Amino acid sequence: MKIENDIPNKEKEEEPYLGFEQGPIRPPSEAFSLLIRITRNCPWNRCAFCPVYKGSHFSIRPVEHVLKDIDQIVRSISLIDLRFGGDVYAVDKTTLKALLEDTGIEMQAFISAINWYSAGMRSVFLQDANSLVLPTEQLLIVLNRLLQCFPHIQRITSYARAQTIYKKSLDEMIHLKEHGLNRIHIGLESGSDKVLKFMKKGVTKEQHIEAGQKVMKAGIELSEYYMPGLGGKDLWKEHALESADALNQINPTFIRLRTLAIPSNTPLFEEWTSGNFKKCTDEEIIRELVCFIEHLEGINSILKSDHILNLLPEVEGKFPEEKGKMLVVLHDFINLPEYEKLVFQVGRRLGLFERLSDRMNFQKRAIVEQIIQQYSICSDNVDDIINQFMCQML
Ligand code: SF4
């Protein structure tokens, strides 16, 4: 097996073990997974729209430290089983504190273990932004230890940059699959080279396609994230069409929507405020989604809208059979009277509405209409106000 990596060369050698660690984010679909942090932050960290790791330095945790974290989880699970008979609610604070002191298990590790135990211990998510940047042989050590300790695990998932996978061989990806890595999330964001370049994504459409196809060929489930709104008013159509074309060639397991928001701590915020990037309105983004979904063809992916930033979470379904159903929801929004659109936008961003029909919920609607009046929200200012709501959700 030929092994190639784009691992940054400042690997730490003598770093002391700083204790059990968890990173800041995971995909929404990994809410019940055990989080194992094998790198810190993002090795790229240049995407103009991304606030998550700005100002934080990337580092790779020594593998033996990751194994120590796993060991703490193993010992916590034994404690829950043997000392508390599997009843996580029987764990009282005083006994627990003494036990943890005796065993040297950290509280954070124990809490992670309890949460995972309660959720059935089925899945693990490797943090942070791009675990595949680790040399493959090191990643295999972590995967092997996980499967050795928890042979019942059904899914091990990681975020990865397309550029990193592009540089790995198919053999390496197959090897990782054989050792338990069976789902990868990639931020496609866009299939348009113009958009990718402007956003400093560090990857081209062709590299995205090759990386995605490699993951699928290796038999690993693939989620590709598409970012509605990322083309702005100038490039929205190219963004939709090129992204659909890239995804048609990849045919990923999942296409996940994550709508653009522009927090003030991102380079894109400066581009927006200086007029170099023209942000789309909610309605323009919904029209972009119509174009995007209409052009998704010849695939059997599942489209998921499992992010709080998306206006219409009910736009979900399997291709090709549910394509029409998804388009109906989008057109239903577009065809609403202006005031009804406003009510839905505000209700959704307040977290009160999920579905368009939630507007008919009398109590929730009353709250929304009160807020619309209180803050004088109208179609002229709703998008600026909504961006503020959305940034608070990040
Ligand atoms: S690669 Fe991902 S985590 Fe890193 S800056 Fe880009 S979007 Fe953010």
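1. Here's the deal with the packing of helix α11 (residues 282-294) against helix α12 (residues 323-334)
Then comes step 1: One can describe the packing of α11 onto α12 by two numbers: an axis separation of 10 Å at closest approach and a directional angle of 160 degrees. Here α11 lies roughly antiparallel to α12, going by the angle between them. When the axes of α11 and α12 are compared, the crossing they make is left-handed. In contact with E283, I286, R287, L289, V290, I293 and E294 of α11, α12 contributes K323, M326, L327, L330, F333 and I334.
Then comes step 2: Here the residues of the contact of α11 with α12 are counted per class, giving nine nonpolar, no polar and four charged.

2. So, α11
Because the α-helix completes a turn every 3.6 residues, residues three or four places apart line up on one side.
Then comes step 1: With 13 residues, α11 should cover 18 Å at 1.5 Å per step; its first-to-last C-alpha distance of 18 Å lies within 8% of that length.
Then comes step 2: Among the residues of α11, those classed as buried are D282, I285, I286, E288, L289, F292 and I293. One side of α11 carries all its buried residues, which in axial view fall inside an arc of 155 degrees.

3. Observations concerning the sheet that holds strand β9 (residues 302-304)
Then comes step 1: Taken in spatial order, the eight strands line up as β1-β4-β5-β6-β7-β8-β9-β10 in an open sheet, and their pairing is mixed. Either end of the sheet is taken by a strand with one partner, and the two such strands are β1 (34-37) and β10 (317-318).
Then comes step 2: One ladder, built from four bridges, connects strand β7 (residues 221-226) with strand β8 (residues 254-257); its direction is parallel. Paired with Y226 across the strands is L257, a residue of β8.
Then comes step 3: Seen against the sheet, helix α9 (residues 232-250) touches β6 (181-189), β7 and β8 and runs at an angle of roughly 180 degrees to β7.

4. Remarks on the domain arrangement of the chain
Then comes step 1: By domain assignment, the chain separates into domain 1 (28-337) and domain 2 (338-394).
Then comes step 2: If you look at the interface, domain 1 gives 17 residues, while domain 2 gives 17 residues.
Then comes step 3: Among the elements of the structure, α11 and α12 are those that each provide at least two residues to the side of domain 1 that touches domain 2.
Then comes step 4: Looking at which element gives the most residues to the side of domain 1 that touches domain 2, the answer is α12, with three residues.
Then comes step 5: Its residues assigned to classes, the side of domain 1 that touches domain 2 shows twelve nonpolar, one polar and four charged.

5. A short note on the packing of helix α13 (residues 338-349) against helix α14 (residues 362-374)
Then comes step 1: Contact pair α13 / α14: the axes reach a minimum separation of 9 Å and the direction vectors enclose 100 degrees. With respect to their mutual orientation, α13 and α14 come out roughly perpendicular. Here α13 contributes L342, V343, V346 and G347 to the contact with α14, which in turn contributes K364, R365, V368, E369, I371 and I372.
Then comes step 2: Residue composition of the contact of α13 with α14, grouped by class: six nonpolar, one polar and three charged.

6. Some points on the nonpolar core
Then comes step 1: Core analysis: the largest hydrophobic core is formed by 89 residues, its most contacted members being F49, V215 and L330.
Then comes step 2: Leave out the neighbours within four places in its chain, and L330 touches I286, L289, V290, L312 and V315.
Then comes step 3: If you look at the next biggest cluster of nonpolar residues, it comprises seven residues, including V346, F353, V368 and I377.

7. Concerning the pairing of β1
Then comes step 1: Only one face of β1 is covered, namely the one carrying L34 and I36; the face carrying L35 and R37 has none of its residues buried.
Then comes step 2: Both β1 and strand β4 (residues 123-127) contribute to a ladder of four bridges, which runs parallel. Looking at the pairing, I36 lines up with L126 of β4.

8. Thoughts on the environment of H208
Then comes step 1: On the secondary structure map, H208 appears in helix α8 (residues 205-217).
Then comes step 2: Residue H208 is classed as buried on the basis of its C-beta count, with 30 C-beta atoms lying within 10 Å.
Then comes step 3: Residues within four places of H208 in sequence aside, it is in contact with A162, L188, G191, V203 and A246.

9. With respect to the pairing of strand β5 (residues 155-160)
Then comes step 1: The element β5 is largely enclosed, with a buried count of five among its six residues.
Then comes step 2: Strand direction decides the pairing type here: β4 and β5, joined by four bridges, are parallel. Counterpart to F125 in the pairing with β5 is T157.
Then comes step 3: Between the parallel elements β4 and β5, the chain passes through helix α4 (residues 136-149) in a crossover that is right-handed.
Then comes step 4: In terms of strand pairing, β5 meets β6 through five bridges, oriented parallel. Its bridge partner lying in β6, A160 is registered against I186.

10. Details of unusual backbone geometry
As a rule of thumb, non-glycine residues mostly have phi less than zero, and peptide bonds are mostly trans rather than cis.
Then comes step 1: Backbone torsion omega between Q127 and D128 reads 5 degrees, so that peptide bond is classified as cis.
Then comes step 2: Structurally, D128 is set in the loop between β4 and α4.
Then comes step 3: One non-glycine residue, N41, adopts positive backbone phi at about 70 degrees.
Then comes step 4: At N251, a position not held by glycine, the phi torsion is positive, near 50 degrees.
Then comes step 5: Relative to the helices and strands, N251 resides in the loop between α9 and β8.
Then comes step 6: In this structure N251 comes out as partly exposed when scored by C-beta crowding, with 18 C-beta atoms within 10 Å.

Definitions and limits used
Residues numbered from 1 in each chain as written. Predicted model: local features only at pLDDT ≥ 70, side-chain atom pairs only at ≥ 80, totals over all residues. Axes fitted to C-alpha atoms, helices over the stretch in contact; angles between N-to-C directions. Helix = DSSP H or I, 4+ residues; strand = E, 2+ residues; numbered from the N terminus. Parallel < 35°, antiparallel > 145°, perpendicular 65-115°, else oblique. Left-handed = near helix turned anticlockwise from the far one by under 90°. Contact = placed C-beta atoms within 7 Å. Nonpolar A, V, L, I, M, F, W, Y, C, P; charged D, E, K, R; others polar. Expected span 1.5 Å × (residues − 1). Buried ≥ 20, exposed ≤ 12 C-beta atoms within 10 Å, placed from the backbone. Arc of directions from axis to C-beta. Pairing = 2+ DSSP bridges. Domains from an automatic or database assignment. Core = buried A, V, L, I, M, F, W, Y, C linked by C-beta atoms within 7 Å. Right-handed = clockwise from strand over helix to strand, strands pointing away.

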